[in-house]
Amino acid sequence: MSTEDCKRQAAAQALELVTSGMRLGLGTGSTAAIFVDLLGEKVKAGGFDVVCVPTSEATRRQAEALGIRLSTLDETPYLDMTVDGADEMDEALRLIKGGGGALLREKIVAAASARLVIIADSSKLVDTLGRFPLPVEVVPFGVTATRNLVISLASDAGCLGEIALRVTKEGTPFVTDNGNFILDCAFGEIPDPETLDDALKLVPGVVESGLFLGLADLGIVGAPEGVTVISNAELDFEEEL
Ligand code: 5RP
């Protein structure tokens, strides 16, 4: 079974949690895009109405093209559920996100959601976060000074490694939907994600880190041998699946 098929399995299982009338957050990335495609098919089939808040301009364009009813977080500030992907996930449902550069809107939307469901293929499951370079969204002003402070405070939190400004294929800084830059922090294993996240929040130019801690309620992981569900909550998710 291909990675694409594993992602599809996870996305299809997440779709089973969606009921008509829900207010949904739509994630960003290739796995979330599969979920949005499946949701679009369900909406097109008729008799199923959801209102969705996308976490990026790319997802907004995709959902719009599929005829999914869209809203903004200002119009719809409380969401029943968000379905999103992740770059890494541990057994405690702690995540690294932002590989697609949408981490800030993803975190804002996740925080506005009663449930955050993460869909992923099994390559995203790790024992310890940090194999994937941690994306950190920063304001463009003073990015070198911000980077220096990130290096210093991350080091105090036990994290050392190359910190690179994300660039496009053309070599210009990658600009997020919010007009910011991304620092990709190749720390390797992050011994204490909570301490690192607290440290990063102390840096004035840091807008948000790609550490999603205590936000995810359910992980749906697709693998060739089937789908595994990791639940963090006292919610009755597994009964619904
Ligand atoms: C975007 C994200 C994505 O969820 C993450 O990068 C995973 O993407 P994919 O499903 O393509 O592996 O955080 O900012």
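Residues numbered from 1 in each chain as written. Predicted model: local features only at pLDDT ≥ 70, side-chain atom pairs only at ≥ 80, totals over all residues. Heavy atoms only, no water.

Asker: Honestly, the domain arrangement of the protein chain in this entry has me stumped. Any pointers?
Answerer: Interface size is often expressed as the accessible area that is lost when the parts come together. Taken domain by domain, the protein chain holds domain 1 (3-122 + 213-224) and domain 2 (134-207). The gap between the C-alpha centroids of domain 1 and domain 2 is 25 Å. Listed by partner, the interface residues are 13 residues for domain 1 and 15 residues for domain 2. When domain 1 packs against domain 2, close to 1,100 Å² is buried across both sides, 57% of that on carbon and sulfur atoms. Summed over the shared surface of domain 1 and domain 2, the result is 1 salt bridge. One salt bridge in this structure joins glutamate 194 and arginine 94, with 3.1 Å as the shortest N-O distance. (Domains from an automatic or database assignment. Contact = heavy atoms within 4.5 Å. Buried area = accessible area lost by both parts, 1.4 Å probe. Salt bridge = Lys/Arg side-chain N within 4 Å of Asp/Glu carboxyl O.)

Asker: Help me understand the site of the ligand in this model?
Answerer: Taken together, the neighbourhood of the ligand is formed by 17 residues, with Ser30, Thr31, Asp87, Gly98 and Lys124 sitting nearest. The separation between an oxygen atom of the ligand and a polar main-chain atom of glycine 98 is 2.8 Å. Contact with the protein chains covers 90% of the free accessible surface of the ligand, which is 370 Å². Listing elements by their share of the shell around the ligand, those giving two or more residues are α2 (30-45) and α4 (103-111). (Near = heavy atom within 4 Å. Polar contact = N/O pair within 3.5 Å; in protein donor to acceptor, adjacent residues only side chain to side chain. Areas by Shrake-Rupley, 256 points an atom, 1.4 Å probe, with all protein chains shown as cover. Helix = DSSP H or I, 4+ residues; strand = E, 2+ residues; numbered from the N terminus.)

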